[in-house]
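# Structural description and commentary
Letter by letter, the chains look like this.
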Amino acid sequence: MPNSDGSGSASSASDEILYIGIDLGTSQSAVATSTGIRRTVASVVGWPKDLISYKMLKKKVVIGEECLKNRMAVDMIWPQEQGVLRYRPSDPGADAGSREAEAVRHLTSFIVEMTEPQPGQEIRAVIGAPARSTREDRQAVIDSVDGLLDHAIVASEPFLVAYGLELFNNALIIDIGAGTLDLCRMHGTIPIDEDQRTLAKAGNYIDHRFHMLLQDRIKDSHVTLEMARRIKEQYAFVSSQKEVISIDFQVSGKPRSYDVTDSLREACESILPEIITHARELIVTYDQEFQQELRQNIVLAGGGSQIRGLAEELRSNLTEFGPCRVTAVDDPVYAGAIGALKLAQDMPTSEWEQAREA
Ligand SMILES: Nc1ncnc2c1ncn2[C@@H]1O[C@H](COP(=O)(O)OP(=O)(O)OP(=O)(O)O)[C@@H](O)[C@H]1O
Ligand SMILES: [Mg+2]
């Protein structure tokens, strides 16, 4: 296809545009680009605490894994809370000079840098947000990339996962992130509010619950939230399993083994009742003729989809209306960003031109 001036090839035209899909996550953000880049960064920004920290880090700001690795030496800010940016210019009294505002800016700049844009390239981005985020929340995301790229569109995270998997019709996506758990029902058109839910009990909620249970049990050892999260990410499970999860904690300087099986099960299962209630509601309020097919296409995404036994537990709790099939995406880290990239590439130029400039 010729360019508008009739001279160049299709490939040179598309090379002038960099398409990116961004999953701006509470705990981790992921990007996928039309140039084949796939990268992640922990969504955290840190400032050296004092002169010694500054001398050691040799940087005014550290981002992502570098920040986590040096967490004793920095003041950290996670720019998102429950899937929503902590700095929203539209908020009354919002201070553009605040640490929160700076943190948001540092993180989005870092994410855009990871996509390696070339000089002169036009950048078009689709960015994921929680399913039921407000207009103000979405505007804050657009504002956060102001000047960093040319056009940005914000879309529902679980919808982007569905789009990437080409699950356009009769499918239910359940995206279990850190800050939010999002459900989205697909019915052959762009989902509207009544097709979607955003729940506050997700990965971080499990971590806090598990941390509390560990602190109650292991009184002689200092158990941190980070430790609880790491154990969860390695062993998370729901329902009965034979395996005993035994973890060593330092008690008076010596390792002592604790059985954490029941505490971990209780914490992971704490998010189940709400998922089941909302998944049920989305199924029973669906057009009856297509409910059977919807029940066959229930897909888990997000980091929490890796909780062992979760698909089976949900399946068995949703079968009262008829047989269900629940599966988990193969790539929980990139499913959202890849869906966002695909949507960015599929959107006609006319729509990009109408989309708000970033
Ligand atoms: N193997 C695992 N088992 C259970 N949970 C896990 C596992 N690996 C990661 N997680 C959890 O998944 C969550 C991160 O998932 P994800 O990256 O999808 O979230 P996010 O996009 O950062 O958050 P949100 O979508 O809420 O903004 C964290 O709570 C993390 O602890
Ligand atoms: Mg997410």
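Starting afresh in each chain, residues are numbered from 1 along the sequence in its written order. Chain A is the first chain written and ligand 1 is the first ligand written, with later ones labelled in order. Two thresholds apply to this predicted model, a pLDDT of at least 70 for residue-level local features and 80 or more for giving and counting side-chain atom pairs, whereas whole-chain, interface and lining totals are computed over all residues. To get the side-chain values, all heavy atoms of the structure are used, and hydrogens and water are removed first.

### Focus on the overall build of the chain
Within the chain, the regular secondary structure consists of 14 helices and 17 strands. Taking 21 Å as the expected radius of gyration for a compact globule of 358 residues, we find that the chain reaches 22 Å, a close match to that expectation. Across its three principal directions, the C-alpha atoms of the chain cover 75 × 65 × 40 Å. The buried label applies to any residue whose accessible area, calculated with a 1.4 Å probe on protein chains only, is under 20% of its type's maximum; exposed applies above 50%, and partly exposed to all values in between. Burial status across the chain gives 50% buried among its 358 residues. For the chain, restricting intrachain contacts to residue pairs at least 6 apart in sequence, the fraction spanning at least 24 positions comes to 66%. All accessible areas in this document rest on Shrake-Rupley with a 1.4 Å probe, and a residue is counted as covered only by the protein chains that are shown. Of the roughly 17,400 Å² of accessible surface on the chain, a fraction of 49% belongs to carbon and sulfur atoms. In the chain, which carries 37 positive and 53 negative side-chain charges, the distance between the mean positions of the two groups comes to 8 Å. For the purposes of this entry, the term helix denotes a DSSP run of H or I that reaches at least four residues, the term strand denotes a run of E that reaches at least two, and both are numbered from the N terminus. In this treatment the radius of gyration is a C-alpha quantity, and the globule benchmark scales as 2.2 Å times the residue count to the 0.38 power. We call two residues in contact when some of their heavy atoms are within 4.5 Å. Asp and Glu are treated as the negative residues and Lys and Arg as the positive ones, with His and the ends of the chain left uncounted. Here the site of a charge means atom NZ of a Lys, CZ of an Arg, CG of an Asp or CD of a Glu.

### With respect to the sheet that holds strand 11 (residues 169-176)
Two strands qualify as a pair provided that DSSP identifies no fewer than 2 bridges between them. Reading across from one edge, 13-12-11-16-17 is the order of the five strands in this open sheet, with mixed pairing throughout. Unpaired on one side and paired on the other, strand 13 (196-199) and strand 17 (326-328) mark the two borders of the sheet. Recorded for the sheet is a direction-independent mean angle of 20° between the axes of neighbouring strands. With respect to the sheet, helix 6 (residues 157-164) is in contact with strand 11, strand 12 (181-187), strand 13 and strand 16 (298-301), its orientation differing from that of strand 12 by roughly 50°. Across the sheet, helix 12 (residues 310-318) is in contact with strand 11, strand 16 and strand 17; its angle to strand 16 comes to roughly 145°. For every element, the axis is a line fit to its C-alpha atoms; helices are fit only across the contacting stretch, and the angle between N-to-C directions ranges from 0 to 180 degrees.

### Some words on the nonpolar core
To define a nonpolar core, start from buried Ala, Val, Leu, Ile, Met, Phe, Trp, Tyr and Cys residues and group those joined through side-chain atoms within 4.5 Å. Ile174, Leu181, Leu214, Phe249, Val260 and Leu314 are the most contacted members of the largest nonpolar core, which totals 43 residues. The element contributing the most residues to this core is helix 10 (residues 272-284), with six residues. In this view, Phe249 contacts Leu214, Ile218, Ser221, Val223, Met227, Ile231, Lys254, Pro255, Arg256, Tyr258 and Val260; residues no more than four positions away in its chain are not counted. Of all hydrophobic cores here, the second largest spans 31 residues; its members include Leu18, Ile127, Ala140 and Leu149.

### Describing helix 10
Between the first and last residue of a helix there are one fewer steps than residues, each counted as 1.5 Å, and that sum is the expected span. Here helix 10 contains 13 residues, and its C-alpha end-to-end distance of 18 Å stays within 8% of the 18 Å for a straight helix at 1.5 Å per residue. Those residues of helix 10 lying buried are Leu272, Ile275, Ile276, His278, Ala279, Leu282 and Ile283.

### Points about the domain arrangement of the chain
As used throughout, domain bounds are those supplied by an automatic or database domain assignment. Partitioning the chain into structural domains gives domain 1 (10-41 + 73-164 + 335-354), domain 2 (44-72) and domain 3 (203-269). The C-alpha centroid of domain 3 is placed 28 Å from the C-alpha centroid of domain 2.

### Some points on the pairing of strand 10 (residues 151-156)
Of all six residues making up strand 10, six are buried, and the element is well covered by its neighbours. Of the strand pairs in this sheet, strand 9 (residues 122-129) and strand 10 are connected by six bridges, and their pairing is parallel. Each residue of the ladder has a partner; that of Gly128, found in strand 10, is Ala155. In this region the chain leaves strand 9, passes through helix 5 (residues 135-144) and returns to the parallel neighbour strand 10; the handedness of that crossover is right-handed. Looking down the strands as they point away from the viewer, one classifies a crossover as right-handed if the path from the first strand across the helix to the second runs clockwise.

### Brief notes about the site of ligand 1
Whether a residue is near a molecule or strand is decided by its heavy atoms; if any one of them lies within 4 Å of it, the residue is near. Surrounding ligand 1, one finds 19 residues, the nearest of these being Thr26, Ser27, Gly179, Lys232 and Glu233. A distance of 3.4 Å separates a nitrogen atom of ligand 1 from a polar side-chain atom of Gln306. Protein contacts shield 89% of the accessible area of ligand 1, which totals 660 Å² for the unbound molecule. With three residues, the single largest contributor to the shell around ligand 1 is helix 8 (residues 225-235). Three classes are used, and their members are as follows: Ala, Val, Leu, Ile, Met, Phe, Trp, Tyr, Cys and Pro are nonpolar, Asp, Glu, Lys and Arg are charged, and the others, Gly among them, are polar. The residue inventory of the shell around ligand 1, partitioned by class, reads three nonpolar, twelve polar and four charged. Lining the shell around ligand 1 are residues from two domains, each supplying at least three of them: domain 1 (10-41 + 73-164 + 335-354) and domain 3 (203-269). By the criterion applied in these results, polar contacts are pairs of N or O atoms within 3.5 Å in which, for protein atoms, one can donate a hydrogen and the other can accept it, and in which residues neighboring in sequence qualify only through two side-chain atoms.

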